[in-house]
There are 2 protein chains.
Amino acid sequence: MEKDFGGFKGVLIIGMGLIGGSIALSLKREGYTGKIYGFDLSEERIKKAVELGAVDRGFTKLEDVPWDEIDLVIIATPVKTFESVAQGIKPFLKEGTVITDVGSVKGELVKKLEEILLPHRFIGAHPIAGTEKEGVENAVIGLFKGKKLILTVDKEDEETRKLEKFWTDLGSKVEVMDPYTHDFVFASVSHLPHAVAFALVDALIELSDETGIDLFLYPGAGFKDFTRIAASSPVVWKDIFIENKESVLHTIDSFIKSVEKLKEYIQKEDEDRLVELLSEIRQKRLSLEEG
Amino acid sequence: MEKDFGGFKGVLIIGMGLIGGSIALSLKREGYTGKIYGFDLSEERIKKAVELGAVDRGFTKLEDVPWDEIDLVIIATPVKTFESVAQGIKPFLKEGTVITDVGSVKGELVKKLEEILLPHRFIGAHPIAGTEKEGVENAVIGLFKGKKLILTVDKEDEETRKLEKFWTDLGSKVEVMDPYTHDFVFASVSHLPHAVAFALVDALIELSDETGIDLFLYPGAGFKDFTRIAASSPVVWKDIFIENKESVLHTIDSFIKSVEKLKEYIQKEDEDRLVELLSEIRQKRLSLEEG
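Sequence order as written defines the numbering, with residues in each chain counted from 1. Think of it this way: whatever chain is written first is A, whatever ligand is written first is 1, and the rest follow in order. In keeping with the model being predicted, local features are shown solely for residues with a pLDDT of at least 70 and side-chain atom pairs are shown and tallied solely at 80 or more, while totals for entire chains, interfaces and linings include all residues. Side-chain figures throughout are based on the complete set of non-hydrogen atoms in the structure, without hydrogens or water.

1. Considering the sheet that holds strand E1 (residues 10–14) of chain A
All names here are of chain A.
Working step 1: Pairing between strands is defined by DSSP: at least two bridges between them are needed. Labels follow the DSSP assignment, with helices taken as runs of H or I lasting at least four residues and strands as runs of E lasting at least two, numbered in each case from the N terminus. Here eight strands make up an open sheet; going across it, the order is E3-E2-E1-E4-E5-E6-E7-E8 and the pairing mixed. Strands at the two margins of the open sheet, each flanked by one partner only, are strand E3 (57–59) and strand E8 (173–176). Recorded for the sheet is a direction-independent mean angle of 25 degrees between the axes of neighbouring strands.
Working step 2: As paired elements, strand E5 (residues 98–101) and strand E6 (residues 121–127) share three bridges and run parallel to each other. Counterpart to Thr100 in the pairing with E6 is Ile123.
Working step 3: Residue contacts are counted whenever heavy atoms from the two residues lie within 4.5 Å of one another. To get an axis, a line is fitted to the C-alpha atoms, and for a helix only the part in contact is used. The angle between two axes follows their N-to-C directions and goes from 0 to 180 degrees. Contacting E1, strand E4 (72–75), E5, E6, strand E7 (148–152) and E8, helix H5 (residues 158–169) runs over the sheet at an angle of about 30 degrees to E6.

2. Some thoughts on the side chain of A:Ser233
Working step 1: By secondary structure assignment, the location of A:Ser233 is in the loop between helix H7 (223–227) and helix H8 (234–243).
Working step 2: Under the scheme applied here, a residue whose accessible area is under 20% of the maximum for its type counts as buried, over 50% as exposed, and between as partly exposed, the area being computed with a 1.4 Å probe on protein chains only. Looking at A:Ser233, the relative accessible area reads 7%, which means it is buried.
Working step 3: For the purposes of these results, a polar contact is taken to be a pair of N or O atoms within 3.5 Å, where, inside protein, one atom must be able to donate a hydrogen and its partner to accept one; residues adjacent in sequence count only when each atom of the pair is a side-chain atom. Among the polar contacts made by the side chain of A:Ser233, one reaches the side chain of A:Glu134 at a distance of 3.4 Å.
Working step 4: Look past the residues within four positions of A:Ser233 in its chain and what remains in contact with it is A:Glu132, A:Glu134 and B:Arg282.

3. Quick look at the interface of chain B and chain A
Working step 1: In this assembly, 91 residues from chain B lie in contact with 91 residues from chain A.
Working step 2: On the chain B side of the interface with chain A, the three residues burying the most area are B:Tyr218, B:Phe226 and B:Arg285, jointly 9% of the side's total.
Working step 3: In the sections that follow, a salt bridge refers to a side-chain nitrogen of Lys or Arg positioned within 4 Å of a carboxyl oxygen of Asp or Glu. Our count for the contact surface shared by chain B and chain A stands at 14 salt bridges.
Working step 4: We note a salt bridge from A:Glu271 to B:Lys238, for which the minimum N-O separation is 3.0 Å.
Working step 5: Where the side of chain B that touches chain A is concerned, the elements lending two or more residues are strand E7 (148–152), helix H6 (179–211), helix H7 (223–227), helix H8 (234–243), helix H9 (245–267) and helix H10 (271–288) of chain B.
Working step 6: Per-element tally for the side of chain B that touches chain A: the top contributor is H6(B), with 23 residues.
Working step 7: Here the nonpolar group is Ala, Val, Leu, Ile, Met, Phe, Trp, Tyr, Cys and Pro; Asp, Glu, Lys and Arg are the charged ones; every other residue, Gly included, is treated as polar. Each residue belonging to the side of chain B that touches chain A can be placed in one class, and the counts come to 51 nonpolar, 16 polar and 24 charged. Once two parts are brought into contact, the accessible area they lose, counted with a 1.4 Å probe and summed over both, makes up the buried area.

4. Description of the sheet that holds strand E8 (residues 173–176) of chain B
Sheet strands pair via backbone hydrogen bonds, and the direction of the pair is either parallel or antiparallel.
Residue and element names in this part refer to chain B.
Working step 1: Strand order in this open sheet of eight strands is E3-E2-E1-E4-E5-E6-E7-E8, and the pairing throughout is mixed. Each edge of the open sheet is held by one strand with a lone partner, namely strand E3 (57–59) and E8. Across the sheet, the mean angle from the axis of one strand to that of its neighbour is 25 degrees, orientation sign disregarded.
Working step 2: In this sheet, E3 lies alongside strand E2 (residues 35–39) in parallel orientation, the contact comprising three bridges. Along E3, the bridge assignment pairs Gly38 with Gly58.
Working step 3: Sitting on the sheet, helix H4 (residues 108–117) touches strand E5 (98–101), strand E6 (121–127) and E7, and the angle it makes with E6 is about 145 degrees.

5. Regarding the side chain of B:Asp101
All names here are of chain B.
Working step 1: Mapped onto the elements of the fold, Asp101 is located in strand E5.
Working step 2: Residue class for Asp101 comes out buried when judged on its relative accessible area of 1%.
Working step 3: Engagement of the side chain of Asp101 in a polar contact is seen with the backbone nitrogen of Gly103, the distance being 3.2 Å.
Working step 4: Within the structure, Asp101 has its side chain in polar contact with the side chain of Lys106 (distance 2.7 Å).
Working step 5: What Asp101 contacts, discounting residues up to four positions off in sequence, is Ile75, Phe82, Lys106, Phe122, Ile123, Gly124 and Ala125.

6. A look at the relation of the copies chain B and chain A
Working step 1: Rotating chain B by 180 degrees about the axis while translating it 0.0 Å along that axis superimposes it on chain A, leaving an RMSD of 0.0 Å. Here the transformation between the copies is reduced to the relation of a two-fold axis. Proximity to the rotation axis, assessed at the C-alpha, singles out B:Phe226 in chain B; its C-alpha lies 2.2 Å from the axis.
Working step 2: When you check the interface residues of chain B against chain A, 99% turn up at the interface there too, and the contact is symmetric in its surfaces. When the copies are superposed, the least-squares fit draws on C-alpha atoms of residues that have pLDDT of at least 70 in both.

7. Some points on the confidence of the model for chain A
Working step 1: Summing up the model confidence of chain A, the mean pLDDT is 93 and the portion of residues at 70 or higher is 98%.
Working step 2: Taken together, the chains of this predicted complex give a pTM of 0.81 and an interface ipTM of 0.81. The pLDDT value tells you how sure the predictor is about a given residue, anywhere from 0 up to 100.

Okay, structure coming up:
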């Protein structure tokens, strides 16, 4: 099928961070011929986005945006700001403009945004892609290529299909999921691993303090890979943990149980159960490589 | 200084696994001109080691080894077998032969091996290098290049300096540490991260079972890196956890405290303390990149 990016002729990306910038740069690279506009409260970020050639024009005031040219708005600011962004843009939107986001948390938030933005259509989206870096200056062309993108919709309609085409043309593999299932799944596979990486580095800080040995002088094999995500943005992750609190706490409790189980087997020197447990885990982890 | 690998003329590597194989192949590549012999109970592994050109000759019976040619023995079997290996080889050793190992656990074990092998000199060594793979067929030339190697010695003497030269000529950066400090340090930076990775995958298995959603279909950004070490050998890690039980349990307890702290801040939605904690962690993790 021809690349038409869902037929959207003008895209406004709100938030010129790593994801917003990567969408803009990837659109250009993939041959998108419509307008790409960027909005950010920071003059500096907008300036960078324009300099990098990510956007055709950049704005720091909503009233300056040529709203009659915009038929797709992508909210790419921190999750916490979504409601106020939606309130802020609503008066400006022309009829038929579709609004979407790239946030890691859906659930109630999607329901709220759907309501706020009525009669416009809001469609929650979550690209499963990113790096631990921040800012438009670290934007990556092709960041979404071959990566999953979750659309959290209840019903598939014309707008949904257009947005699906938009992301497919950017190279994403689109899946549809209800917003609550989404939050549980990503609490498990993304938010929990981040919490664990943060806690691991914190434990090493505490153990270094306790013993006077700077443990960070001895990063063993795998340790750097393992804790790379602990360098992720504190503000972004504070927001995600709190916005998805219920699911995150549920998965942390499950994880603590797993640590306690392992601890118990080690304490008891229960070799058989240890090998059995570690073998099952190894099998499961190896099965991922095939994907 | 000229490369003389500490002046050792004949090396016997006991255990033709990933590490043993990588030592043998790396010795050849780095221009070692002495004999490299391999020993393993498994005919198959010895056959592979000979086929790969890792060793000059391979043996499966201790009495077949030309012991009068051996002045360095490297024990590269699982940690758990070290005592019986030491007992087994002791009657064969010629005067002046130095024995060393490549195990991840030192402490009491080193003390025991030093005693068993008297009047021969045992020097504990731990190369901080490896992969999650196993077996001589996955051996890596240059595995130790630029990597730290810890010698756990109380006093530096001629034998220690020879072994230090051996590893330096293989490209390692040698550090000296007492065996108990070693165990605490590597419990923290290696054994704890492995325990955490195992527990994380286990938690996802449990959460998948609980909800009927196969969470492994959604490996998010960083998840594969993060849990790669969960595919490490179950038997090797069962041994390490049990051999280094005291330090491992100590670091697991510290880690659980860090998880509980993070959980508390999320539960209370304490944004300030969350950002402060995550920022401190991020700073510490970023400081590693410079190393």
